[in-house]
Amino acid sequence: MAKTKVLERKPLSLAERTYLPQIVTGLKTTLVNMLRPSVTLQYPEERPVIPENYRGVPTLVKDPNGREKCVSCQLCEFVCPPKAIRITPGEIADDADTAHVEKAPKEFDINMLRCIYCGLCEEVCPEEAIFLQDVFSVSGYSREEMINNKQKLYELGGTLPDRHRKWDKKKAAELQGAAHH
Amino acid sequence: MSETKQLETVTVNVDGVEHAFPKGMNLVDAVASIGSEIPHYCYHPKLSVVGNCRMCLIEMGMPMRDRATGEALLDADGKPKIGWMPKPAIGCATTVAPGMHVKTNSPLVRDCRNGVMEFLLINHPLDCPICDQAGECRLQEFATDYGRGYSRYTEAKNVKPKRTRIGPRVMLDDERCILCSRCIRFSKEIANDDVLGFIDRGSYSTLTCFPGKQLENNYSLNTVDICPVGALTSTDFRFKMRVWFLKQVDSICTESSVGANTEVWSREGKIYRVTPRRNDEVNDTWMTDSGRALYQLAEAENRLLRYAVDGQPSSFEAAIAASLDALKGRRLGIVASAHASLEEQFLLKRIVEVTRARVFMAYHQGEGDGILLSEDRSPNLRGALLTGLIDSLPAVDLSALDQALTAGELDSLLVIHEDLSALGVSADNLAKTKVVFAGTHSNATSEAAQVVLPTLTVFERAGSFVNQNFRAQRFKSAVPGPQGIASDLTLLETLAALVVGETPTHPDVNTVWQSLSVANPVFAGLDYNGLGSMGVALEPGPLAELPFVETRNLKYNPR
Amino acid sequence: MDWFTAYMLPVIYAVTMIVVVMSIAGYSVLAERKVSGWIQHRTGPNRTALPIIGAIPVLGPFLTRLGLFQPLADGLKFLFKEDITPGHVRRGYFIAAPIIAIVPALTTMVVLPFGQYTDAEGVVHPLVLANIDIGILFILAVSSLGVYGIVLAGWSANSKYPFLGGIRSSAQMVSYELAMGLSILPVFMWAAVPEPGNLNGLSLFGVVQVQQGFWLAMWQPVSALIFLVAVFAETNRLPFDMAESETDLVGGFHTEYGSFKFGLFFVAEYAHIVIGSAVFVVLFLGGWNFLPFIPAPWPDGMVGAVMSVLWFLLKIFFFIFFFIWVRWTLPRFRYDQVMTLGWKVLLPLAVANLIFNTLLIALRDTL
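Residues numbered from 1 in each chain as written. Chains lettered and ligands numbered in written order. Predicted model: local features only at pLDDT ≥ 70, side-chain atom pairs only at ≥ 80, totals over all residues. Heavy atoms only, no water.

### Regarding the overall build of chain B
- When helices and strands are tallied, chain B shows 14 helices and 24 strands.
- For chain B, the spread of C-alpha atoms along the principal axes amounts to about 90 × 55 × 40 Å.
- Taking all 559 residues of chain B together, 54% fall into the buried category.
- The long-range share in chain B, meaning contacts at least 24 apart out of those at least 6 apart in sequence, stands at 65%.
- Accessible surface for chain B amounts to roughly 24,300 Å². Of this, 51% is attributable to carbon and sulfur atoms.
- Here chain B contributes 57 positively and 67 negatively charged side chains, and the mean placements of these two sets differ by 5 Å. (Helix = DSSP H or I, 4+ residues; strand = E, 2+ residues; numbered from the N terminus. Buried < 20%, exposed > 50% of the residue type's maximum accessible area, 1.4 Å probe, protein only. Contact = heavy atoms within 4.5 Å. Areas by Shrake-Rupley, 256 points an atom, 1.4 Å probe, with all protein chains shown as cover. Lys, Arg positive; Asp, Glu negative; His and termini not counted. Charge placed at Lys NZ, Arg CZ, Asp CG, Glu CD.)

### Quick notes on the overall build of chain C
- Helices and strands together make up the secondary structure of chain C, namely 14 helices and 2 strands.
- The globule rule puts the C-alpha radius of gyration for 367 residues at 21 Å, and the 22 Å found for chain C is close to it.
- Over its C-alpha atoms, taken along the principal directions, chain C stretches across nearly 65 × 55 × 50 Å.
- With 367 residues in all, chain C has 50% of them scored as buried.
- Put simply, chain C shows about 17,300 Å² of open surface, and 74% of that area lies on carbon and sulfur atoms.
- Charge separation in chain C, taken as the distance between the mean sites of 19 positive and 20 negative side-chain charges, equals 14 Å. (Rg over C-alpha atoms; globule rule 2.2 N^0.38 Å.)

### Points about the interface of chain B and chain A
- Taken together, the contact between chain B and chain A spans 22 residues of the former and 26 residues of the latter.
- Both faces combined, the contact of chain B with chain A buries some 2,100 Å², and carbon together with sulfur accounts for 55% of it.
- The three residues of chain B that bury the most area against chain A are V159, R163 and F239 of chain B, which together make up 29% of that side's buried surface.
- The interface formed by chain B and chain A holds 7 salt bridges in total.
- Residue E102 of chain A is joined to R238 of chain B by a salt bridge in which the shortest nitrogen-to-oxygen separation is 3.0 Å.
- Counting every contact that joins chain B to chain A gives 9 residue pairs in polar contact (both at pLDDT 80 or more). (Buried area = accessible area lost by both parts, 1.4 Å probe. Salt bridge = Lys/Arg side-chain N within 4 Å of Asp/Glu carboxyl O. Polar contact = N/O pair within 3.5 Å; in protein donor to acceptor, adjacent residues only side chain to side chain.)

### Brief notes about the domain arrangement of chain B
Residue and element names in this part refer to chain B.
- Its domain assignment divides chain B into domain 1 (9-119), domain 2 (126-298) and domain 3 (302-545).
- Tallying the contact residues gives 19 residues for domain 1 and 24 residues for domain 2.
- Here domain 1 and domain 2 share an interface that buries about 1,900 Å² over both sides, 54% of which is from carbon and sulfur atoms.
- On the domain 1 side of the contact with domain 2, Y41, K46 and L47 bury the most area, a combined 36% of that side's loss.
- Linking domain 1 to domain 2 there are 4 salt bridges.
- Notably, a salt bridge pairs K46 with D284, separated by 3.5 Å at the nearest N-O pair.
- Tallied by class, residues from the side of domain 1 that touches domain 2 come to 10 nonpolar, 5 polar and 4 charged. (Domains from an automatic or database assignment. Nonpolar A, V, L, I, M, F, W, Y, C, P; charged D, E, K, R; others polar.)

### Some thoughts on the environment of I12 of chain C
Residue and element names in this part refer to chain C.
- Mapped onto the elements of the fold, I12 is located in helix α1 (residues 2-39).
- Given the relative accessible area of 38%, I12 is considered partly exposed.
- In this structure the C-alpha to C-alpha distance between I12 and I39, which are 27 residues apart in sequence, comes to 39 Å.

### Brief notes about the sheet that holds strand β2 (residues 85-91) of chain A
Residue and element names in this part refer to chain A.
- The strand order across the open sheet formed by 3 strands is β2-β3-β5, and the pairing between neighbours is antiparallel. The sheet terminates laterally at β2 and β5 (147-148), the two strands that pair on one side only.
- Direction of pairing for strand β3 (residues 103-111) relative to β5: antiparallel, over a ladder of 2 bridges. Across the sheet, I110 pairs through a bridge with N148, a residue of β5.
- The sheet strands contacting helix α5 (residues 150-157) are β3 and β5, and the helix crosses β3 at an angle near 85 degrees. (Pairing = 2+ DSSP bridges. Axes fitted to C-alpha atoms, helices over the stretch in contact; angles between N-to-C directions.)

### Considering the arrangement of the chains
- Among 2 pairs of chains with at least one contact, chains A and B form the most extensive contact set.
- Nothing in chain B touches chain C, and the closest approach of their C-alpha atoms is 43 Å.

### With respect to the nonpolar core
- Counting 88 residues, the largest nonpolar core has F227, L283 and F284 of chain C as its most contacted members.
- Among the elements that make up this core, the one with the highest residue count is helix α12 (residues 259-284) of chain C (14 residues).
- Apart from the residues lying within four places of it in its own chain, the contact partners of F227 of chain C are M180, S183, I184, V279, F280, L283 and F284 of chain C.
- Counting residues in hydrophobic clusters, the runner-up holds 59 residues, among them L324, A336, V466 and V522 of chain B. (Core = buried A, V, L, I, M, F, W, Y, C linked by side-chain atoms within 4.5 Å.)

Here it is as structure tokens:
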């Protein structure tokens, strides 16, 4: 057992026992602080600087070609701790430009009343299609309004650069790769 | 399998522990039976062995013997010396042998699996996000368990045909195919429809249908089940739901008297697919495509969802009261159904007894395919015989009922499930009779009925069926039924009790089985839970001699 | 015209006085919020704008930023909120309590001098509603009635937190009343020097007149200190807000109160602060006298009167600021510490101070 060392407290002087010098010191401190500038941000006229890795409202993004990146693999739906995400998968028509992607969400709802902004959906997404971006203020008059549907999610998300261009490469390979036949 | 015949066993040392296995057992199955695993792709217990995936490589050895004397050689500790084979062997082509030693997890074996996985994944497209197999994919599982975790392959991957429809119900993605040939062997050996094969042997090996043919037999979806990867996928289930969201419940296929064991996959009360469940006594690991499609009936357009009296929606109580009016003190006919479960037939028998009603039944028949689709197209005809609801095989249609109605011998009818007009009862006769219809879907009879009592489908209720081999098998409720609909058991119990003026109870399958096991010695000592997931073979006695319509099929051999 | 001078004029004076004191109380709330904001590096209320005044370029936004319209909004809010009376209260007392709380606060100002008027003949008159000889006695008597409002509120609310708040408050008031009364006795003993022509007695105007040279705070620092602490305690301000102590009693005596009834308590507290500040300024900080030893530069007549009043107000404002400043500096005392301080420190100190001054005066008189 560690040895306990008892420290003797220094007895208070008479001035200290009246507390008055301490009160004066305290008053001085508050007065000095009062003269310093305020740190208040006048929201909503002034907006805070949102850092790059901020976790705001989850959104769906498109790639630079305007293709929706989400392929409705439903991993985000699976990983979502409060079960805020609800996806109905769908198939891309055979004659579509992006037929080689095969799969896209038919419906994609994120219930912002349930979302806890944990960012697991962004982390788990294999297609880098869902991002928690800089929108941090959401409000609505009804529960239905607070459910972001697919169209709303793409409106919020916009287009982000794509580092991998996985599906572009795949299409190129498909077009020229069948040469051996 | 009788108790008297002692199984011959052999002792095999797996990873240093001695285990006894039945003689002739495949090593992959043997290791699986002790809770360990030899990973494999191409091996399937119900198909021939080809050994082309090389995933099941293991180290194997036998005790060494002195060549001259045949004496077992012993090492310094006095234990038999093992002669390990210098190279790994494939487990799937190995049968257990006495004294055999196997290493399933040695460094060499791990290296082999690692290498095999790397080769398999070289040309594998990174399709998992859009692949329906994800979540039940052997490639995913083994890559996690035995793979290296990253790719060293920087060259361009092979391009093969994708999104190919090789049949009305099956999609093929050749890039995902690992050439295990399970589907080819299945089509040839089980479905007897040899339509699949590999072409372009080499790096560009491609699975394809024979020219001018399609994979369109009634067992094509089994290839989807046995495909260890996402190469073959079901068109019906395509992109519907990820498998990890689905809840599996044991059920029984109601298509025919084969009674194939199934699993019903559902999420939040919606059924997404039905797959076979292995039962070596009934259906091995297969089932028909047509049987799988039956789940769509649960959400069909013509599903009966409201109690109705004289065409007007009513409450359960009002519908029951109206039914009693038809049942009590009249000359009653009851049309029983071989689609009803054993428990429901037992309760219906009670109603028959207290109302002294005449029982009619139809023998639904169709063409059998000699595999898993029998000629008897109802799941529980033998159950009706065992519960005493009927005492002989019924006629193909209900012309006897029609004659009785024409002759004016019956005032009212209680119809379970059956559509009388389709079975030879004239519309005139139907119109002049008071009809109480209990069933799941609307038909001409429900339209004509005075009282309509909606019931639950096989996916929504629990019960048991007796199949072609007099095997009692249970099915469980996979999804909740439509709102406000009482279970068939509650409905029948309420009617049976109220007809004689008793207070109805709320029965479940267990309480019905308590009465059932007393009523018929065939069920003595059994209960619903006792049926287990594999079912119990009953001893039907003389009933087995009846001239059933089934001809020989996969597991049925007429006497 | 007699009728007007006799009846209407006092009423007009009284109403004017009430309006002024209440506005100061209202703006004290704003000051409280602003000062607390500044002390915590915030801005305080700066949004409430009036339609026309707020639209004046430069000035409008400036006033808005200062939050000058905020008390108006606060007051309207108190007026228009739904007035809920909980079902379990004793209704009559519950409604009477806020009135009883605010009436003494407003009554004390009747005897409060707030300026001087030197007429053409050079005679100095006090500016006060009722210049009675026993001014300080009146103030002590009436202001201690304020505790009845709080006790009644705590008791009639019929729930435990208000009840505890009421008990604490009454105990605290009684304790500090003693020390307060004793502390100002020496002040009047010095002020009411038995000299020919000195008829000051307990008159507050007299006390101010005495302080033309020395301020009594310099002459009687111990009395001033005790009185200061007691004023804080009497007004239920931090560090003595035992009765409210929102951290342990939710809201103390006014937990069950809402809307206008709560508003009355709220205003009463600030009215107490204003009156308390004024009394302290009168007693110890020289009233409207300019600075110690500097004769008041006020000219005779109305101009001088106005200037004296303004100077007096300035002192009060500083003191209100001091109240706020202390509130945002010191933490709340524990209840037992409040009692210890009152009974074991301030009361003996006040008694000792009284005896010392008595002896001193006796000594001076004998010499």
